[in-house]
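Structure assessment
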Amino acid sequence: MIQAEHLTKRYGAFTAIDDVSFHVKRGEVFALLGPNGSGKTTTMKTIVGLCVPTSGRVRIGDLDVRTHPKEARTQVSYLPQRVVFPESLTAREIIRFYGAMRKLPRELADRSLAEAKFNGASDKLVGEFSGGMVQRLGLAIVAMPDAPVLLLDEPTASLDPQGVKRFRDFVLEQKAGGKTIIFSTHLLAEAEQLADRVGIFVGGKIVAQESIETLRVSSLANGTIEDLYLHYVERNQP
Amino acid sequence: MDSSTIYYVARHELTVNIRNKWTVIFALVFGALVVGISYVGIIAEGFSGMQSFTRTSASLLNLVLYLIPLVALTMGTLSFTGERGTAELLFSQPVSRTEIMLGKLAGLFLAMALSMLSGFLAAGVVIVSSAGTEGILRYSYLVILSLLLALVFLSLSIVVSMANSRKAKAFGTALFLWFFFVLFYDILALGVTLLLDGPRANTFLFLSIFGNPVDLVRVATLIALDNVTIFGAAGAALIRFLGGTAASVLMLLSILGCWIALPVLTARWLLQRQDI
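Reference entry: report on the structure contained in this document.

Looking at the sheet that holds strand β2 (residues 14-24) of chain A
Residue and element names in this part refer to chain A. With respect to topology, four strands assemble into an open sheet ordered β2-β1-β4-β5, the strand pairing being antiparallel. On the outer flanks of this sheet lie β2 and β5 (63-64), each paired with one strand and no other. Two strands pair when backbone bridges link them, and strand β1 (residues 2-11) and β2 are joined in this way by seven bridges, in the antiparallel orientation. Residue Ala4 lies in a different strand from β2, and its bridge partner there is Phe22. Those strands touched by helix α1 (residues 40-47) are β1, β2 and β4 (55-60), and its axis lies near 60° from that of β2.

Some words on the environment of Val40 of chain B
By secondary structure assignment, the location of Val40 of chain B is in helix α2 (residues 21-43). It is 9.9 Å that separates the C-alpha atoms of Val40 of chain B and Thr56 of chain B, two residues lying 16 residues apart in sequence.

Regarding the sheet that holds strand β10 (residues 205-211) of chain A
All names here are of chain A. Ordered in space as β6-β7-β8-β3-β9-β10, the six strands form an open sheet in which the pairing is mixed. Edge positions in the open sheet fall to β6 (76-79) and β10, since each of these has one partner strand only. For this sheet the average axis-to-axis angle between neighbouring strands, irrespective of direction, equals 15°. Packing of helix α5 (residues 131-143) onto the sheet brings it into contact with β6 and β7 (149-153), and relative to β6 it is tilted by some 170°. Along the sheet, helix α9 (residues 225-236) contacts β3 (29-33), β9 (197-202) and β10; its crossing angle with β9, the most-contacted strand, is approximately 30°.

Let's talk about helix α3 (residues 91-101) of chain A
With respect to burial, α3 of chain A is a largely interior element, eight of its eleven residues being buried. Residues Ala91, Ile94, Ile95, Phe97, Tyr98, Gly99, Ala100 and Met101 of chain A constitute the buried set of α3 of chain A. For α3 of chain A, the secondary structure elements touched by its buried residues are α4 (106-115) and α5 of chain A together with α1 (3-18) and α4 (84-91) of chain B. Looking one or two residues beyond α3 of chain A, the residue adopting positive phi is Lys103 of chain A, at roughly 60°.

Re the nonpolar core
Judged by nonpolar contacts, the single largest core of 155 residues is most densely connected at Phe85, Leu137 and Ile182 of chain A together with Met112 of chain B. A total of 16 residues in this core trace back to one element, the largest contributor, which is helix α6 (residues 136-163) of chain B. When residues no more than four places from it in sequence are discounted, the contact partners of Leu137 of chain A are Phe85, Ala91, Ile94, Ile95, Leu113, Phe118 and Val126 of chain A.

A word on the environment of Ala116 of chain A
Residues and elements named next belong to chain A. Along the chain, Ala116 turns up in the loop between α4 and α5. Considered as a pair, Ala116 and Gly138 are 22 residues apart in the sequence and their alpha carbons are 9.9 Å apart. Those residues in contact with Ala116 that lie beyond four places of it in its chain are Arg136 and Ala140.

Observations regarding the pairing of β7 of chain A
Residues and elements named next belong to chain A. With five of five residues buried, β7 lies mostly within the body of the structure. Here β7 shows no split at all, with Val149, Leu151 and Asp153 on one side and Leu150 and Leu152 on the other all buried. The pairing of β6 with β7 spans four bridges and is parallel. Bridge pairing in β7 links Ser77 to Leu150. As judged from the five bridges shared by β7 and strand β8 (residues 180-185), these two strands associate in the parallel manner. Within β8, the position partnered with Leu152 by the bridge is Phe183.

Examining unusual backbone geometry
Residue and element names in this part refer to chain A. Positive phi, close to 55°, is recorded for Asp19, a residue that is not glycine. Relative to the elements of secondary structure, Asp19 occurs in strand β2. The phi angle at Lys103 is positive, at roughly 60°, despite the residue not being glycine. Within the secondary structure, Lys103 is located in the loop between α3 and α4.

Cut-offs and rules
Residues numbered from 1 in each chain as written. Chains lettered and ligands numbered in written order. Predicted model: local features only at pLDDT ≥ 70, side-chain atom pairs only at ≥ 80, totals over all residues. Heavy atoms only, no water. Pairing = 2+ DSSP bridges. Helix = DSSP H or I, 4+ residues; strand = E, 2+ residues; numbered from the N terminus. Contact = heavy atoms within 4.5 Å. Axes fitted to C-alpha atoms, helices over the stretch in contact; angles between N-to-C directions. Buried < 20%, exposed > 50% of the residue type's maximum accessible area, 1.4 Å probe, protein only. Core = buried A, V, L, I, M, F, W, Y, C linked by side-chain atoms within 4.5 Å.

This is the structure we're talking about:
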């Protein structure tokens with residue numbers, strides 16, 4: 001479903017991602033795991049076409065993101081690391097706007113909002129929302145178009161335990177619905193609980209791609225999954 | 001290009017900007033200044049009451065030339081260098097970058113136009129009620145040219161935002177542009193003429209008008225107000241060279257059109273190659 005081939009992104013002398021390749025199958029949940037600054041966000045942004053790679057290419061289904069950006073993005077719903085909405089708009093105005101961007105009927109936007117359970121806050125200004133409510137609105141926008149691919153960039157980075165649980169439930173629900181999901185995280189437990197496979201990023205390179213099962217089996221011989229992860233990170237840290 | 005996407009982005013941008021307190025403050029300040037200048041202008045000449053539309057238009061010209069570029073550059077830079085999370089979510093939608101850029105430009109322009117029109121309208125109502133409708137057509141020329149000036153500087157603000165990834169740097173560049181076009185350009189042009197002989201200096205001065213949208217609006221407004229005699233022989237030569245008053249205004253408007261189109265095309269080129 002998603003094929004990243006030899007992706008490299010350089011900013012002057014700095015290489016953000018270096019020859020990254022991976023393939024995510026339809027219906028698979030793939031976690032990008034790695035420390036801060038290891039290239040997870042740049043990879044995510046390259047997949048959705050927000051970053052132009054220095055070399056390499058991304059295909060979503062049969063579509064090359066570089067040559068068919070609009071068509072490729074109809075297949076993808078992306079949640080940035082830090083979602084910010086204009087504080088002077090209501091949740092309903094915002095979700096309807098993003099619905100209009102995808103030419104979805106207004107009723108669908110309203111239904112998505114109702115499913116997000118804002119309990120009467122749908123017509124309140126987003127400026128009055130808590131961080132958790134903003135996240136719920138972000139997830140509602142991502143889920144609304146029923147896109148076959150979800151890209152979620154460190155979605156739990158600044159969430160309280162309730163928000164983390166809500167996100168996990170969301171991913172499990174989408175996974176059950178057959179969605180292909182890529183999410184980035186630096187939390188091992190999250191990857192272990194939600195992902196089918198992980199790609200470990202260190203210093204802009206993908207140093208390992210393993211299924212969660214393989215990691216579990218390997219960890220039996222080498223300690224915990226955390227030990228295994230730290231082994232990859234320390235061995236490849238520049 | 002999908003016009004419905006441009007429409008939705010424009011409507012979204014318009015709503016956000018209309019609810020922005022700074023847009024409301026601009027509308028109130030601009031309206032108060034327009035009405036105030038019209039009133040103060042005639043007091044200065046020993047009369048009391050409101051000036052006619054013609055005199056008000058001439059008095060307002062300087063306010064428009066100073067304030068509109070500054071506000072347009074500020075609003076445009078603020079919008080196009082906005083929160084990263086907002087931009088990432090918006091640009092990840094299945095729409096083209098050009099559609100988003102044009103929609104945002106249209107929304108910003110509409111917000112600014114509504115603020116300006118409310119000021120011009122308030123002054124217009126006051127003038128009609130106290131000095132009649134004489135010169136209302138000339139006043140409307142000023143309104144149209146002011147709107148074009150806003151659009152020029154909003155377009156320039158997009159280039160500024162695209163060329164500077166950091167917000168503070170973008171604002172610095174925007175302020176420099178305002179300083180350059182509004183304050184420094186004419187001094188620079190006059191300075192250059194000191195280095196040239198008579199005919200060449202005249203030609204240079206004439207051509208220098210086209211290099212500054214603020215000067216273009218100034219000259220076009222004065223021609224439209226039949227006040228080109230303020231330029232003396234140079235004004236007469238300008239009208240003669242451009243082929244009469246109507247042809248002069250049309251030509252100046254066409255060049256203003258280029259001042260809108262070129263920045264938009266440059267910004268589009270930059271945006272296509274940029275990481276969000």
